[in-house]
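# Structural overview
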Amino acid sequence: MPDGSQPALEFTYASSPARIVFGRGTLARVGEEIAGQGGNRALVLATPHQKADAEALADALGDRAAGVFAEAAMHTPVEVTERAMAAYAASGADCVVALGGGSTIGLGKAIAYRNGAPQVVVATTYAGSEVTPILGQTENGVKTTLRCPSILPEVVIYDPDLTLGLPVAMSVTSGFNAIAHAVEGLYAQDRNPVSSLMAIEGIRALVQALPEIVAAPRDAQARGAALYGSWLCGSVLGTVGMALHHKLCHTLGGSFDLPHAETHTIILPHSAAHNAAAAANALAPAAALFGGELAGGLWDLAGELGAPRALKDLGLAQSDLDRAADLAVQNPYWNPRPVERDAIRALLQRAWAGTRPE
Ligand code: NAD
(Lines give C-alpha, C1' and ligand atoms only; values in the text may rest on other atoms or scores of the structure.)
Protein backbone atom coordinates (compact mmCIF):
# COMPACT_ATOMS: atom_id res chain seq x y z
CA MET A 1 0.00 0.00 0.00
CA PRO A 2 2.30 2.85 -1.10
CA ASP A 3 1.39 6.30 0.11
CA GLY A 4 -0.01 8.87 -2.24
CA SER A 5 -2.37 6.47 -4.01
CA GLN A 6 -5.67 4.99 -2.89
CA PRO A 7 -5.37 1.25 -3.59
CA ALA A 8 -8.28 -1.13 -3.12
CA LEU A 9 -8.49 -2.38 0.44
CA GLU A 10 -6.53 -5.61 0.66
CA PHE A 11 -4.98 -7.17 3.77
CA THR A 12 -4.33 -10.26 5.85
CA TYR A 13 -5.53 -10.18 9.46
CA ALA A 14 -4.68 -12.66 12.21
CA SER A 15 -5.46 -11.92 15.83
CA SER A 16 -3.19 -12.89 18.69
CA PRO A 17 -4.64 -15.79 20.68
CA ALA A 18 -3.64 -14.30 24.06
CA ARG A 19 -6.12 -13.84 26.92
CA ILE A 20 -6.01 -10.36 28.49
CA VAL A 21 -7.17 -9.66 32.04
CA PHE A 22 -7.14 -5.91 32.71
CA GLY A 23 -8.00 -3.86 35.80
CA ARG A 24 -7.02 -2.76 39.30
CA GLY A 25 -6.63 -5.68 41.69
CA THR A 26 -6.31 -8.30 38.94
CA LEU A 27 -3.04 -9.55 40.49
CA ALA A 28 -5.35 -11.55 42.77
CA ARG A 29 -6.48 -13.54 39.74
CA VAL A 30 -3.11 -15.11 38.91
CA GLY A 31 -4.05 -18.39 40.66
CA GLU A 32 -7.28 -18.88 38.74
CA GLU A 33 -5.53 -17.98 35.47
CA ILE A 34 -2.84 -20.62 36.16
CA ALA A 35 -5.63 -23.15 36.71
CA GLY A 36 -7.36 -21.95 33.54
CA GLN A 37 -4.27 -22.97 31.60
CA GLY A 38 -4.33 -26.43 33.18
CA GLY A 39 -1.39 -25.52 35.45
CA ASN A 40 -0.88 -26.82 38.97
CA ARG A 41 2.33 -25.17 40.17
CA ALA A 42 4.06 -22.11 38.72
CA LEU A 43 7.66 -21.00 38.92
CA VAL A 44 7.39 -17.25 39.60
CA LEU A 45 9.99 -15.20 37.68
CA ALA A 46 11.32 -11.70 38.40
CA THR A 47 14.45 -9.54 38.29
CA PRO A 48 16.48 -9.20 41.51
CA HIS A 49 14.87 -5.73 41.84
CA GLN A 50 11.33 -7.18 41.94
CA LYS A 51 12.22 -10.28 43.99
CA ALA A 52 10.15 -9.19 47.02
CA ASP A 53 7.07 -8.70 44.81
CA ALA A 54 7.59 -12.17 43.32
CA GLU A 55 7.91 -13.71 46.79
CA ALA A 56 4.74 -11.96 47.95
CA LEU A 57 2.93 -13.30 44.89
CA ALA A 58 4.27 -16.81 45.55
CA ASP A 59 3.04 -16.58 49.14
CA ALA A 60 -0.39 -15.51 47.96
CA LEU A 61 -0.47 -18.39 45.45
CA GLY A 62 0.26 -20.93 48.19
CA ASP A 63 0.27 -24.46 46.71
CA ARG A 64 0.03 -23.05 43.20
CA ALA A 65 3.58 -21.65 43.50
CA ALA A 66 6.50 -24.01 42.94
CA GLY A 67 9.11 -21.40 43.84
CA VAL A 68 10.67 -18.07 42.86
CA PHE A 69 13.50 -17.50 40.37
CA ALA A 70 14.53 -13.84 40.58
CA GLU A 71 17.56 -13.60 38.32
CA ALA A 72 15.99 -12.24 35.12
CA ALA A 73 18.31 -9.82 33.29
CA MET A 74 18.21 -7.47 30.28
CA HIS A 75 18.47 -9.11 26.82
CA THR A 76 17.71 -12.63 28.15
CA PRO A 77 21.22 -14.09 28.54
CA VAL A 78 21.17 -17.81 27.68
CA GLU A 79 23.16 -18.71 30.81
CA VAL A 80 20.41 -17.23 33.00
CA THR A 81 17.80 -19.19 31.04
CA GLU A 82 19.79 -22.39 31.62
CA ARG A 83 19.81 -21.77 35.38
CA ALA A 84 16.08 -21.03 35.25
CA MET A 85 15.44 -24.27 33.34
CA ALA A 86 17.25 -26.18 36.09
CA ALA A 87 15.23 -24.37 38.78
CA TYR A 88 12.01 -25.14 36.86
CA ALA A 89 12.81 -28.86 36.69
CA ALA A 90 13.94 -29.05 40.34
CA SER A 91 10.81 -27.26 41.59
CA GLY A 92 8.32 -29.54 39.86
CA ALA A 93 6.69 -26.56 38.14
CA ASP A 94 4.38 -27.08 35.15
CA CYS A 95 3.99 -23.41 34.13
CA VAL A 96 5.61 -20.00 34.67
CA VAL A 97 4.38 -16.67 36.00
CA ALA A 98 6.52 -13.72 34.83
CA LEU A 99 6.08 -10.65 37.04
CA GLY A 100 7.82 -7.63 35.56
CA GLY A 101 8.88 -5.86 32.38
CA GLY A 102 10.50 -7.02 29.16
CA SER A 103 13.50 -8.62 30.88
CA THR A 104 11.43 -10.94 33.07
CA ILE A 105 8.91 -11.61 30.33
CA GLY A 106 11.85 -12.52 28.05
CA LEU A 107 12.97 -15.16 30.55
CA GLY A 108 9.47 -16.66 30.70
CA LYS A 109 9.37 -16.77 26.91
CA ALA A 110 12.81 -18.40 26.75
CA ILE A 111 11.62 -21.15 29.12
CA ALA A 112 8.38 -21.66 27.17
CA TYR A 113 10.32 -21.81 23.90
CA ARG A 114 12.42 -24.66 25.31
CA ASN A 115 9.83 -26.73 27.18
CA GLY A 116 6.39 -25.47 26.09
CA ALA A 117 5.47 -24.23 29.59
CA PRO A 118 2.25 -22.17 29.64
CA GLN A 119 2.97 -18.55 30.59
CA VAL A 120 0.93 -16.18 32.73
CA VAL A 121 2.48 -12.71 32.55
CA VAL A 122 1.88 -9.87 34.99
CA ALA A 123 3.20 -6.89 33.01
CA THR A 124 4.63 -3.98 35.02
CA THR A 125 6.18 -1.72 32.34
CA TYR A 126 4.94 -0.37 29.01
CA ALA A 127 7.48 -2.17 26.75
CA GLY A 128 4.85 -4.49 25.24
CA SER A 129 6.80 -7.76 25.10
CA GLU A 130 3.98 -9.65 26.85
CA VAL A 131 1.80 -9.65 23.72
CA THR A 132 4.40 -10.62 21.13
CA PRO A 133 5.63 -14.02 19.88
CA ILE A 134 9.14 -12.52 19.71
CA LEU A 135 12.13 -13.49 21.87
CA GLY A 136 15.49 -11.70 21.80
CA GLN A 137 18.24 -13.59 23.62
CA THR A 138 21.99 -13.13 24.00
CA GLU A 139 24.76 -15.68 23.96
CA ASN A 140 28.48 -14.80 23.95
CA GLY A 141 27.57 -11.16 23.43
CA VAL A 142 25.50 -11.84 20.30
CA LYS A 143 21.76 -11.04 20.36
CA THR A 144 19.47 -13.10 18.15
CA THR A 145 15.74 -12.69 17.67
CA LEU A 146 13.27 -15.54 17.25
CA ARG A 147 9.58 -15.56 16.35
CA CYS A 148 7.52 -18.64 17.24
CA PRO A 149 3.90 -19.24 18.39
CA SER A 150 5.09 -21.03 21.59
CA ILE A 151 6.81 -17.78 22.66
CA LEU A 152 3.54 -15.82 22.91
CA PRO A 153 2.29 -15.79 26.53
CA GLU A 154 -1.13 -17.43 26.96
CA VAL A 155 -2.42 -14.98 29.59
CA VAL A 156 -1.50 -11.37 30.35
CA ILE A 157 -2.65 -9.66 33.51
CA TYR A 158 -2.50 -5.84 33.53
CA ASP A 159 -2.98 -4.49 37.04
CA PRO A 160 -2.37 -0.71 37.09
CA ASP A 161 -1.74 -0.88 40.86
CA LEU A 162 1.57 -2.63 40.15
CA THR A 163 2.76 0.31 38.06
CA LEU A 164 2.07 3.07 40.62
CA GLY A 165 5.70 2.86 41.77
CA LEU A 166 7.30 2.55 38.32
CA PRO A 167 9.82 5.41 38.48
CA VAL A 168 8.66 8.46 36.51
CA ALA A 169 11.71 8.56 34.22
CA MET A 170 11.25 4.91 33.34
CA SER A 171 7.51 5.37 32.88
CA VAL A 172 8.17 8.05 30.26
CA THR A 173 10.85 6.18 28.31
CA SER A 174 8.93 2.90 28.53
CA GLY A 175 5.86 4.77 27.22
CA PHE A 176 7.91 6.08 24.29
CA ASN A 177 9.11 2.53 23.65
CA ALA A 178 5.44 1.55 23.28
CA ILE A 179 4.65 4.55 21.05
CA ALA A 180 7.55 3.53 18.80
CA HIS A 181 5.90 0.13 18.14
CA ALA A 182 2.71 1.90 17.08
CA VAL A 183 4.41 4.51 14.88
CA GLU A 184 6.26 1.81 12.95
CA GLY A 185 3.10 -0.31 12.90
CA LEU A 186 1.23 2.51 11.14
CA TYR A 187 3.49 2.33 8.09
CA ALA A 188 4.27 -1.41 8.26
CA GLN A 189 4.11 -3.12 4.91
CA ASP A 190 1.80 -5.80 6.35
CA ARG A 191 -0.43 -3.42 8.34
CA ASN A 192 -4.18 -3.98 8.38
CA PRO A 193 -7.11 -1.76 9.41
CA VAL A 194 -7.25 -3.29 12.90
CA SER A 195 -3.51 -2.91 13.61
CA SER A 196 -3.75 0.74 12.52
CA LEU A 197 -6.75 1.38 14.78
CA MET A 198 -4.88 -0.16 17.70
CA ALA A 199 -1.78 1.88 16.92
CA ILE A 200 -3.59 5.22 16.85
CA GLU A 201 -5.61 4.48 19.97
CA GLY A 202 -2.45 3.29 21.75
CA ILE A 203 -0.52 6.44 20.88
CA ARG A 204 -3.49 8.62 21.87
CA ALA A 205 -3.82 6.93 25.26
CA LEU A 206 -0.10 7.24 26.04
CA VAL A 207 0.27 10.83 24.83
CA GLN A 208 -2.56 11.77 27.15
CA ALA A 209 -1.49 9.63 30.12
CA LEU A 210 2.27 10.27 30.27
CA PRO A 211 2.04 13.99 31.24
CA GLU A 212 -0.57 13.04 33.87
CA ILE A 213 1.83 10.44 35.29
CA VAL A 214 4.69 12.95 35.42
CA ALA A 215 2.41 15.34 37.30
CA ALA A 216 1.00 12.65 39.63
CA PRO A 217 2.92 9.34 39.49
CA ARG A 218 0.44 7.48 41.71
CA ASP A 219 -2.67 8.52 39.72
CA ALA A 220 -4.24 5.10 39.17
CA GLN A 221 -6.50 6.41 36.39
CA ALA A 222 -3.53 7.69 34.37
CA ARG A 223 -1.55 4.53 35.13
CA GLY A 224 -4.45 2.45 33.81
CA ALA A 225 -4.66 4.54 30.64
CA ALA A 226 -0.92 4.17 30.02
CA LEU A 227 -1.08 0.41 30.54
CA TYR A 228 -4.06 0.22 28.18
CA GLY A 229 -2.10 2.17 25.57
CA SER A 230 0.94 -0.04 26.03
CA TRP A 231 -1.18 -3.18 25.52
CA LEU A 232 -2.44 -1.78 22.21
CA CYS A 233 1.01 -0.68 21.05
CA GLY A 234 2.56 -4.00 22.08
CA SER A 235 -0.16 -5.85 20.19
CA VAL A 236 0.79 -3.91 17.07
CA LEU A 237 4.43 -4.98 17.54
CA GLY A 238 3.24 -8.57 17.88
CA THR A 239 1.17 -8.44 14.72
CA VAL A 240 3.02 -6.48 12.01
CA GLY A 241 6.60 -5.95 10.91
CA MET A 242 8.87 -3.19 12.20
CA ALA A 243 11.32 -1.11 10.14
CA LEU A 244 14.17 1.43 10.41
CA HIS A 245 13.41 2.68 13.92
CA HIS A 246 13.56 -0.76 15.55
CA LYS A 247 16.61 -1.69 13.47
CA LEU A 248 18.48 1.41 14.70
CA CYS A 249 17.53 0.79 18.34
CA HIS A 250 18.49 -2.89 18.05
CA THR A 251 21.88 -1.86 16.62
CA LEU A 252 22.53 0.76 19.30
CA GLY A 253 21.44 -1.56 22.11
CA GLY A 254 23.16 -4.67 20.80
CA SER A 255 26.48 -3.24 19.60
CA PHE A 256 26.93 -0.20 21.86
CA ASP A 257 25.12 -1.43 24.97
CA LEU A 258 22.80 1.59 25.12
CA PRO A 259 19.75 1.28 27.43
CA HIS A 260 16.65 -0.02 25.65
CA ALA A 261 13.81 2.38 26.50
CA GLU A 262 15.95 5.56 26.53
CA THR A 263 17.36 4.72 23.10
CA HIS A 264 13.85 4.25 21.68
CA THR A 265 12.84 7.60 23.16
CA ILE A 266 15.76 9.48 21.58
CA ILE A 267 15.60 7.82 18.15
CA LEU A 268 11.82 7.93 17.64
CA PRO A 269 11.42 11.62 16.65
CA HIS A 270 14.28 11.24 14.17
CA SER A 271 13.08 7.97 12.62
CA ALA A 272 9.59 9.49 12.34
CA ALA A 273 11.05 12.55 10.59
CA HIS A 274 13.11 10.34 8.30
CA ASN A 275 10.02 8.40 7.16
CA ALA A 276 7.54 11.31 7.33
CA ALA A 277 7.32 12.08 3.61
CA ALA A 278 7.42 8.46 2.44
CA ALA A 279 4.64 7.43 4.85
CA ALA A 280 2.67 10.68 5.03
CA ASN A 281 -0.80 9.15 4.61
CA ALA A 282 -0.19 6.31 7.05
CA LEU A 283 1.24 8.64 9.70
CA ALA A 284 -1.36 11.42 9.26
CA PRO A 285 -3.64 10.28 12.13
CA ALA A 286 -0.65 10.15 14.49
CA ALA A 287 0.56 13.55 13.32
CA ALA A 288 -2.92 14.93 14.02
CA LEU A 289 -2.42 14.09 17.71
CA PHE A 290 0.52 16.55 17.67
CA GLY A 291 -1.09 19.40 15.75
CA GLY A 292 0.04 17.97 12.40
CA GLU A 293 3.75 17.55 13.14
CA LEU A 294 4.58 14.07 14.43
CA ALA A 295 8.40 14.15 14.63
CA GLY A 296 8.69 17.61 16.20
CA GLY A 297 5.70 16.86 18.44
CA LEU A 298 7.34 13.70 19.78
CA TRP A 299 10.61 15.55 20.39
CA ASP A 300 8.80 18.37 22.22
CA LEU A 301 6.82 15.89 24.32
CA ALA A 302 9.99 14.01 25.33
CA GLY A 303 11.50 17.31 26.47
CA GLU A 304 8.40 18.38 28.38
CA LEU A 305 8.39 15.05 30.19
CA GLY A 306 12.07 15.31 31.11
CA ALA A 307 13.21 12.38 28.95
CA PRO A 308 16.69 12.18 27.39
CA ARG A 309 16.87 13.55 23.83
CA ALA A 310 20.54 13.09 22.88
CA LEU A 311 22.52 9.88 22.38
CA LYS A 312 25.62 11.67 23.65
CA ASP A 313 23.90 11.87 27.04
CA LEU A 314 23.69 8.06 27.09
CA GLY A 315 27.47 7.89 26.75
CA LEU A 316 27.72 7.14 23.02
CA ALA A 317 30.87 8.63 21.46
CA GLN A 318 30.50 10.68 18.27
CA SER A 319 33.23 8.49 16.79
CA ASP A 320 30.85 5.49 17.09
CA LEU A 321 28.29 6.98 14.69
CA ASP A 322 30.03 5.79 11.51
CA ARG A 323 30.09 2.21 12.70
CA ALA A 324 26.48 2.46 13.91
CA ALA A 325 25.43 3.68 10.45
CA ASP A 326 27.38 0.86 8.78
CA LEU A 327 25.72 -1.76 11.01
CA ALA A 328 22.24 -0.27 10.53
CA VAL A 329 22.40 -0.63 6.75
CA GLN A 330 24.16 -4.01 6.76
CA ASN A 331 21.26 -6.40 6.12
CA PRO A 332 18.55 -5.25 3.73
CA TYR A 333 15.12 -4.76 5.33
CA TRP A 334 11.91 -3.04 4.33
CA ASN A 335 11.33 0.62 5.26
CA PRO A 336 8.89 3.09 3.68
CA ARG A 337 11.86 5.22 2.59
CA PRO A 338 14.83 3.38 1.05
CA VAL A 339 17.59 2.81 3.60
CA GLU A 340 20.65 4.77 2.48
CA ARG A 341 23.81 5.04 4.52
CA ASP A 342 24.36 8.81 4.23
CA ALA A 343 20.83 9.65 5.32
CA ILE A 344 21.07 7.20 8.23
CA ARG A 345 24.41 8.70 9.29
CA ALA A 346 22.83 12.19 9.24
CA LEU A 347 19.85 10.94 11.27
CA LEU A 348 22.22 9.46 13.87
CA GLN A 349 24.17 12.72 14.03
CA ARG A 350 20.99 14.67 14.89
CA ALA A 351 19.93 12.06 17.46
CA TRP A 352 23.42 12.13 18.97
CA ALA A 353 23.48 15.91 19.28
CA GLY A 354 19.84 16.16 20.41
CA THR A 355 18.69 18.63 17.76
CA ARG A 356 14.98 19.04 17.00
CA PRO A 357 14.03 17.07 13.85
CA GLU A 358 12.98 19.16 10.84
P1 NAD B 1 13.05 -4.23 32.31
O2 NAD B 1 12.13 -5.39 32.31
O3 NAD B 1 14.49 -4.49 32.04
O4 NAD B 1 12.90 -3.48 33.70
C5 NAD B 1 13.84 -2.49 34.12
C6 NAD B 1 13.92 -2.45 35.64
O7 NAD B 1 12.69 -1.92 36.17
C8 NAD B 1 14.07 -3.84 36.25
O9 NAD B 1 14.96 -3.77 37.33
C10 NAD B 1 12.67 -4.16 36.72
O11 NAD B 1 12.66 -5.09 37.77
C12 NAD B 1 12.16 -2.79 37.13
N13 NAD B 1 10.70 -2.67 37.10
C14 NAD B 1 9.85 -3.16 36.18
N15 NAD B 1 8.59 -2.82 36.47
C16 NAD B 1 8.63 -2.10 37.61
C17 NAD B 1 7.63 -1.47 38.40
N18 NAD B 1 6.33 -1.46 38.05
N19 NAD B 1 8.02 -0.80 39.49
C20 NAD B 1 9.34 -0.73 39.83
N21 NAD B 1 10.32 -1.31 39.11
C22 NAD B 1 9.98 -1.99 38.01
O23 NAD B 1 12.58 -3.07 31.30
P24 NAD B 1 11.67 -3.10 29.98
O25 NAD B 1 11.95 -1.83 29.29
O26 NAD B 1 10.27 -3.47 30.32
O27 NAD B 1 12.25 -4.31 29.14
C28 NAD B 1 13.40 -4.17 28.33
C29 NAD B 1 13.75 -5.52 27.72
O30 NAD B 1 12.60 -6.07 27.08
C31 NAD B 1 14.83 -5.43 26.66
O32 NAD B 1 15.69 -6.56 26.81
C33 NAD B 1 14.06 -5.50 25.35
O34 NAD B 1 14.83 -6.03 24.30
C35 NAD B 1 12.91 -6.42 25.74
N36 NAD B 1 11.70 -6.22 24.91
C37 NAD B 1 11.29 -7.28 24.16
C38 NAD B 1 10.16 -7.16 23.37
C39 NAD B 1 9.69 -8.34 22.58
O40 NAD B 1 8.63 -8.30 21.96
N41 NAD B 1 10.42 -9.44 22.57
C42 NAD B 1 9.41 -5.97 23.35
C43 NAD B 1 9.88 -4.89 24.12
C44 NAD B 1 11.02 -5.03 24.92
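The structure under discussion appears in the preceding block.
Described in the following lines is the structure provided in the data block. (Residues numbered from 1 in each chain as written. Predicted model: local features only at pLDDT ≥ 70, side-chain atom pairs only at ≥ 80, totals over all residues. Heavy atoms only, no water.)

### Considering the site of the ligand
The test is simple: Working definition: residue near molecule or strand if any one of its non-hydrogen atoms lies within 4 Å of it. Any N or O atom pair separated by 3.5 Å or less is treated as a polar contact, with the protein-specific requirement of one donor-capable and one acceptor-capable atom, and with residues adjacent in sequence counted only for side-chain atom pairs. Secondary structure follows DSSP: runs of H or I at least 4 residues long count as helices, runs of E at least 2 residues long count as strands, and numbering of each begins at the N terminus. When residues are sorted by character, Ala, Val, Leu, Ile, Met, Phe, Trp, Tyr, Cys and Pro go into the nonpolar class, Asp, Glu, Lys and Arg into the charged class, and all the rest, Gly among them, into the polar class.
The ligand sits among 23 residues. The nearest are T47, S103, T124, T125 and T132. A distance of 2.8 Å separates an oxygen atom of the ligand from a polar side-chain atom of Q50. G102 places a main-chain nitrogen or oxygen 2.8 Å from an oxygen atom of the ligand. Of the residues forming the shell around the ligand, the biggest block, three residues, is contributed by helix α4 (residues 102-115). Taken together, the residues of the shell around the ligand break down into seven nonpolar, 14 polar and two charged.

### Structural notes on helix α11 (residues 294-304)
Heads up, the condition is: Each residue is assigned to one of three classes by its accessible area relative to the maximum for its type, calculated with a 1.4 Å probe on protein chains only: buried under 20%, partly exposed between the two thresholds, exposed over 50%.
Burial within α11 is extensive, with eight of its 11 residues counted as buried. All of the buried residues in α11 are L294, A295, G296, G297, L298, W299, L301 and A302. Just beyond α11, the residue with positive phi is G306, at close to 80 degrees.

### Looking at the pattern of salt bridges
Opposite charge on two side chains allows them to pair when their charged atoms are near. Here is the rule we go by: In what follows, salt bridge is the name for a side-chain nitrogen of Lys or Arg lying within 4 Å of a carboxyl oxygen of Asp or Glu.
A full pass over the atoms with the stated rule returns 10 salt bridges. Each of D322, D326, R341 and R345 takes part in one network of salt bridges that share partners.

### Remarks on helix α5 (residues 168-186)
Formally: Given the number of residues in a helix, its expected span is that number minus one, multiplied by 1.5 Å.
The terminal C-alpha atoms of α5, which comprises 19 residues, lie 27 Å apart, in line with the 27 Å expected from a rise of 1.5 Å per residue. By the criterion of burial, α5 is predominantly enclosed, with 16 of the 19 residues buried.

### Focus: the sheet that holds strand β3 (residues 65-69)
Neighbouring strands of a sheet are bound in pairs by backbone hydrogen bonds; such pairs are parallel or else antiparallel. Heads up, the rule is: Strands qualify as paired when DSSP identifies two bridges or more between them. Interaxial angle, 0 to 180 degrees, is taken between N-to-C directions of lines fitted to C-alpha atoms, where a helix line uses only the stretch in contact. Working rule for contacts: check all heavy atoms of both residues, and any pair within 4.5 Å makes them a contact.
Spatial strand order, β1-β8-β5-β4-β2-β3: six strands in an open sheet with parallel pairing. Each end of this open sheet is capped by a strand with a single partner; those strands are β1 (19-22) and β3. The sheet shows a mean angle of 20 degrees between the axes of neighbouring strands, direction not considered. The pairing of strand β2 (residues 42-45) with strand β4 (residues 95-100) spans four bridges and is parallel. Residue pairing in the sheet places A42 in a bridge with C95 of β4. Against the sheet, helix α3 (residues 78-91) contacts β2, β3 and β4, and its axis sits at roughly 155 degrees relative to β3. Set on the sheet, helix α7 (residues 220-239) makes contact with β1, β5 (119-123) and β8 (155-158); between it and β1 the angle comes to about 170 degrees.

### What to know about the packing of aromatic side chains
Using the following cut-off: Side-chain rings of Phe, Tyr and Trp, where Trp is taken by its six-membered ring, are said to pair if the distance between their centres is within 6.5 Å; with planes under 30 degrees apart they count as stacked, over 60 as edge-to-face, and otherwise as tilted.
With the rule as written, the count across this model stands at two aromatic pairs. Between F22 and Y158, the aromatic rings sit 5.7 Å apart at their centres with planes inclined by 40 degrees, giving tilted as the arrangement. Taken together, the positions of F22 in strand β1 and Y158 in strand β8 put the pair 136 residues apart, joining distant regions of the chain. Its relative accessible area of 35% is what places F22 among the partly exposed residues. A relative accessible area of 0% places Y158 in the buried class. For the pair Y228 and W231, a centre-to-centre distance of 6.4 Å together with 50 degrees between the ring planes defines the contact as tilted. Of this pair, Y228 and W231 both sit in helix α7, three residues apart, roughly one helical turn.

### Observations regarding unusual backbone geometry
You will see that T76, though not glycine, has its phi angle at about 45 degrees, which is positive. If you trace the backbone, T76 turns up in the loop between β3 and α3. Positive phi, normally seen in glycine, also occurs at D257, with a value near 60 degrees. By secondary structure assignment, the location of D257 is in the loop between α8 (244-256) and α9 (260-275). Using a relative accessible area of 64% as the deciding quantity, one classes D257 as exposed.

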